[in-house]
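This is what each chain is made of:
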Amino acid sequence: MRTRGWLMLILLSTPSMGAEPARLVSAGSSITELVVALDAEPQLVAVDSTSELPAGSELPRLGYHRQLSAEGMLSTQPSLVIGSKEMGPQTALSLVRQAGVQVEALPEAMTIAQLQRNIIRLGELLDRAPQAQALHDAVQQRAIALRERPIDSPKRTIFLLLGEGNNVQIAGRHTLADSLIQVAGGMNPASTQVEGYKPVAMEALVAMAPEVILISRRHLTQGADSGQIFQQFPLLSHTPAAQHKVIVAINGKALIGGFGLSTLSEAERLQQDWLAPDNLALHSLTQDALTAHAQTPE
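Residues numbered from 1 in each chain as written. Predicted model: local features only at pLDDT ≥ 70, side-chain atom pairs only at ≥ 80, totals over all residues. Heavy atoms only, no water.

So, the pattern of salt bridges
The test is simple: Throughout this description, the term salt bridge denotes a Lys or Arg side-chain nitrogen within 4 Å of a carboxyl oxygen of Asp or Glu. Runs of E in the DSSP output that reach at least two residues are strands. Runs of H or I that reach at least four are helices, and both are numbered from the N terminus. A simple rule labels every residue: compare its accessible area, found with a 1.4 Å probe on the protein chains alone, to the largest value its type can have, and call it buried under 20%, exposed over 50%, or partly exposed in between.
A complete count under the given rule lists six salt bridges for this structure. In this structure, the salt-bridge partner of E86 is R66, at a minimum N-O distance of 3.4 Å. One end of the pair, E86, is in the loop between β3 (80–84) and α4 (90–98); the other, R66, is in the loop between β2 (44–47) and α3 (70–74), with 20 residues separating them in the sequence. A relative accessible area of 16% places E86 in the buried class. Linking E124 and R121 is a salt bridge whose minimum nitrogen-to-oxygen distance equals 3.2 Å. Here the residue E124 and the residue R121 both occupy positions in helix α5 (residues 112–125), the gap between them amounting to three residues, near one helical turn. Given a relative accessible area of 31%, R121 falls into the partly exposed group. Salt bridges linked by common partners bring E104, R121 and E124 together as one network.

Overview of the packing of helix α7 (residues 176–184) against helix α11 (residues 261–275)
Where we set the bar: All axes here are fitted lines through C-alpha atoms, helices being fitted over the stretch that makes contact, and every angle between N-to-C directions spans 0 to 180 degrees. Here roughly perpendicular refers to angles of 65 to 115 degrees, roughly parallel to angles under 35, roughly antiparallel to angles over 145, and oblique to all remaining angles. Left-handed describes a crossing whose near helix is turned anticlockwise from the far helix by less than a right angle; the clockwise case is right-handed. The contact rule is simple, with two residues in contact once any of their heavy atoms fall within 4.5 Å. Following the grouping adopted for this structure description, the nonpolar residues are Ala, Val, Leu, Ile, Met, Phe, Trp, Tyr, Cys and Pro, the charged ones are Asp, Glu, Lys and Arg, and the polar ones are all others, Gly among them.
In contact at an axis separation of 8 Å, α7 and α11 are set at 50 degrees when each is read in the N-to-C sense. Between α7 and α11, the angle is such that the two are oblique. Handedness of the crossing formed by α7 with α11: right-handed. On α11, the residues touching L176, L180, V183 and A184 of α7 are T263, E266, A267, L270, Q271 and L275. A breakdown of the residues in the contact of α7 with α11 according to their chemical character gives seven nonpolar, two polar and one charged.

Focus: the side chain of E86
For the record, the criterion: As used in this structure description, the phrase polar contact means that two N or O atoms lie within 3.5 Å; if the pair is within protein, one of them must be able to donate a hydrogen and the other to accept it, and residues adjacent in sequence are counted only when both atoms belong to side chains.
At 3.4 Å, the side chain of E86 and the side chain of R66 are in polar contact. Aside from chain neighbours lying at most four places away, what touches E86 is H65, R66, E108, I256 and G257.

Some remarks on the nonpolar core
We count it as follows: Within this scheme, the nonpolar core is defined by two criteria: the residues are buried Ala, Val, Leu, Ile, Met, Phe, Trp, Tyr or Cys, and they are joined through side-chain atoms within 4.5 Å.
Judged by nonpolar contacts, the single largest core of 46 residues is most densely connected at I82, L115, L122, L126, V139, L214 and F259. Of all hydrophobic cores here, the second largest spans 20 residues; its members include L205, M208, I213 and I229.

Points about the confidence of the model for the chain
Short version of the rule: The predictor's confidence in any single residue is recorded as pLDDT, a number from 0 to 100.
Residues with a pLDDT of 70 or more make up 83% of the chain, whose mean pLDDT is 86. For the stretch residues 281–297, pLDDT sits under 50, and the model shows 29 contacts to residues farther than four places along the chain or on other chains.

Focus: the packing of helix α6 (residues 129–148) against α11
Where α6 contacts α11, the axes come no closer than 11 Å and their chain directions differ by 25 degrees. As the angle between them shows, α6 and α11 are arranged roughly parallel. Remark: the crossing between α6 and α11 carries left-handed chirality. Across the interface between the two elements, L135, V139, R142, A145 and L146 from α6 touch L261, L264, S265, A267, E268 and Q271 from α11. Among the residues making up the contact of α6 with α11, the classes are represented as seven nonpolar, two polar and two charged.

Examining the sheet that holds β3
Under the convention used in this document: Pairing between strands requires that DSSP locate at least two bridges from one strand to the other.
What the four strands build is an open sheet, ordered β2-β1-β3-β4; its pairing is parallel. This sheet does not close on itself; its edge strands, each paired only once, are β2 and β4 (102–106). Geometrically, the sheet is characterised by an average inter-axis angle of 20 degrees between neighbouring strands, direction not taken into account. With four bridges connecting them, strand β1 (residues 24–27) and β3 associate as parallel partners.

Describing the packing of aromatic side chains
Here is the rule: Stacked, tilted and edge-to-face are the three classes applied to pairs of Phe, Tyr and Trp rings, where Trp contributes its six-membered ring and a pair requires centres within 6.5 Å; stacked means planes under 30 degrees apart, edge-to-face means over 60, and tilted covers the rest.
Scanning all chains against the criterion turns up one aromatic pair. The interplanar angle of 75 degrees and the centroid separation of 6.4 Å between the aromatic rings of F159 and Y197 together place this pair among those described as edge-to-face. With F159 in strand β5 (residues 157–162) and Y197 in strand β7 (residues 197–199), this pair connects stretches of sequence that are 38 residues apart. The exposure class assigned to Y197 is partly exposed, which follows from its relative accessible area of 29%.

Next comes the structure, spelled out in structure tokens:
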């Protein structure tokens, strides 16, 4: 009875969808960045903890996008909740729907084409169709530029999740990291051996002979450098990536909630700085380079 009464109170106090702009809760960094890109930031009433907002924003944070609470979302009196398919749990979303709030879970984009479809759908939901079409077209031009850049031979590129101790997982096929590598023009040798994120033995990793190793920026902050990575995982020193000191810091938030604008930006940076012809011979991952690429916590 107490839960039913609470829901009725929220239902009576929640604005309905109509002529007024939606009061929007956005869950997932890739979704929120699209909301901002579509100039719909004024409609936001809360976001999840993975979302990045322009400096000065003081919107409520509702927790991790997979672990949202119905009470937290409804307390902001939204009329629309938008997230990726990763948003949850479903029990919380069901309670929000019962309170009369529209909940939209956009497909988790794994390709640029899927990102573009999400842009158009978000434009429809937020009454931003012209802005959405303009953003769709801009993404298309960036995708064309990535595809047309000449790359003689795709470099073997892997993404590693480093855990406590010697725990390490590698990104295989059907992961956003694999999509990032492909869009940037690299070749992920793990994609033929692993699906999803799986633990990997160092011997198997060395056998893949990666020329570029990607890891999340948070593993290269707080004074860490490539030398410390090799101390923790000494067999990595036998890879071509180690010989050329090519351990590249990636913004981890670009790999949350589907292929987004930040994922596209990381693909452009990866191609320009590391995967284009002759870049392995021109780059060395110094501590200064780590600092330059470690501006966000992920």
